[in-house]
Amino acid sequence: MQDADNKSAQGDFERAVNLYEAALDDSPRGAEVHYKLALLYDDKLNDPVSAVHHFKRYLALSPNGQHAKDVKDSIKRDEIAALTALSGDSVITRAEAARLRNENLTLHKQMEERAASRTALEKLGAIDARKAGSRKAGQTYVVQSGDTLFSISRKFYKSPKRWKAILEANKKNIRDPKDLTVGQTLVIP
């Protein structure tokens, strides 16, 4: 163990690991060797997986040893570091995941409520227009490149089915419904 300590102090960490591993046994002294190995892997070799292994072996051999609290804290930190390294992305805690899941559910509910209220308002607007007995003056739209009566209907009515109504409202200006003129102004009923 002394040779391993010396090699570690000199910065020869690979040789120190080999010497510590040769000194391993299942005695209380072995727990101390596991602790030193874990520190080397953790602090010098940036290998959180190996560090966790040796920290856990330390706890198995010496659950109430002088380093037990430090080892437990290091295990938590290194497990997160190992998961992050393996996943290639950041790892979030369970509490954070639960918070994000709840926030996501709340946002979905809000979107559904808004969509429902928008649909209700649209229906009320349609009823009001029918009650008035007259159609309100249509909007206008300037034809863009690539537009068709289907796409214009979809843009204004969220459905391509009203293309004939647009054609009827503009039959004086549309010679060929399949060939709209870019820049042409259409009345949208």
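Residues numbered from 1 in each chain as written. Predicted model: local features only at pLDDT ≥ 70, side-chain atom pairs only at ≥ 80, totals over all residues. Heavy atoms only, no water.

**A short note on unusual backbone geometry**
At step 1: Positioned with a positive phi, Asn-46 is a non-glycine residue whose angle comes to about 50 degrees.
At step 2: Positive phi values are uncommon outside glycine, yet Lys-158 reaches one of about 60 degrees.

**As for the pattern of salt bridges**
At step 1: Applying the stated rule across the entire model yields eight salt bridges.
At step 2: Here Arg-77 and Asp-78 are joined by a salt bridge, their closest N and O atoms 3.7 Å apart.
At step 3: Of the residues examined, Arg-77 reaches a relative accessible area of 45% and is grouped as partly exposed.
At step 4: The buried category is assigned to Asp-78, whose relative accessible area is 2%.
At step 5: A salt bridge links Glu-103 to Arg-99; the nearest nitrogen and oxygen atoms lie 2.9 Å apart. Here the residue Glu-103 and the residue Arg-99 both occupy positions in helix H6 (residues 94-132), the gap between them amounting to four residues, near one helical turn.
At step 6: By relative accessible area, Arg-99 is classed as partly exposed at 41%.
At step 7: Through salt bridges with shared partners, a single network forms among Asp-42, Arg-77 and Asp-78. (Salt bridge = Lys/Arg side-chain N within 4 Å of Asp/Glu carboxyl O. Buried < 20%, exposed > 50% of the residue type's maximum accessible area, 1.4 Å probe, protein only. Helix = DSSP H or I, 4+ residues; strand = E, 2+ residues; numbered from the N terminus.)

**Considering helix H2 (residues 13-22)**
At step 1: Within H2, the full set of buried residues consists of Ala-16, Val-17, Leu-19 and Tyr-20. Within H2, the buried residues cover an arc of 170 degrees as seen down the axis, which keeps them to one side. Across H2 from its buried face, at more than 90 degrees, point the exposed residues Glu-14 and Ala-22.
At step 2: The inward-facing, buried residues of H2 abut helix H1 (2-10) and helix H3 (28-44). (Arc of directions from axis to C-beta. Contact = heavy atoms within 4.5 Å.)

**Things to note about the confidence of the model for the protein chain**
At step 1: This prediction gives the protein chain a mean pLDDT of 85; 87% of its residues lie at or above 70.
At step 2: Per-residue pLDDT stays below 50 along residues 132-136; that stretch engages in three contacts with residues further than four places along the chain or on separate chains. (pLDDT = per-residue confidence, 0-100.)

**Let's talk about the environment of Leu-149**
At step 1: Structurally, Leu-149 can be placed in helix H7 (residues 149-157).
At step 2: Residue Leu-149 is classed as buried on the basis of its relative accessible area of 3%.
At step 3: C-alpha separation for the pair Leu-149 and Asp-179, spaced 30 residues apart in sequence, amounts to 9.3 Å.
At step 4: The contacts of Leu-149, once residues within four sequence positions are left out, are Trp-163, Ile-166, Leu-167, Ile-174, Pro-177, Leu-180 and Leu-186.

**Thoughts on the packing of aromatic side chains**
At step 1: Under the definition given, this model contains four aromatic pairs.
At step 2: Note on Tyr-35 and Phe-55: the rings are 6.4 Å apart at their centroids and 55 degrees apart in plane angle, and the pair reads as tilted. You can see Tyr-35 sitting in helix H3 and its partner Phe-55 sitting in helix H4 (residues 48-61), a full 20 residues away along the chain. Assigned by exposure class, Tyr-35 and Phe-55 land together as buried.
At step 3: Ring geometry for Tyr-141 against Phe-156: centres 5.5 Å apart, planes inclined by 80 degrees, an arrangement best described as edge-to-face. Of the two residues, Tyr-141 sits in strand E1 (residues 139-142) while Phe-156 sits in helix H7, which places them 15 residues apart along the sequence.
At step 4: For Phe-156, a relative accessible area of 26% puts it in the partly exposed group. (Phe/Tyr/Trp six-rings, centres within 6.5 Å; stacked < 30°, edge-to-face > 60°.)

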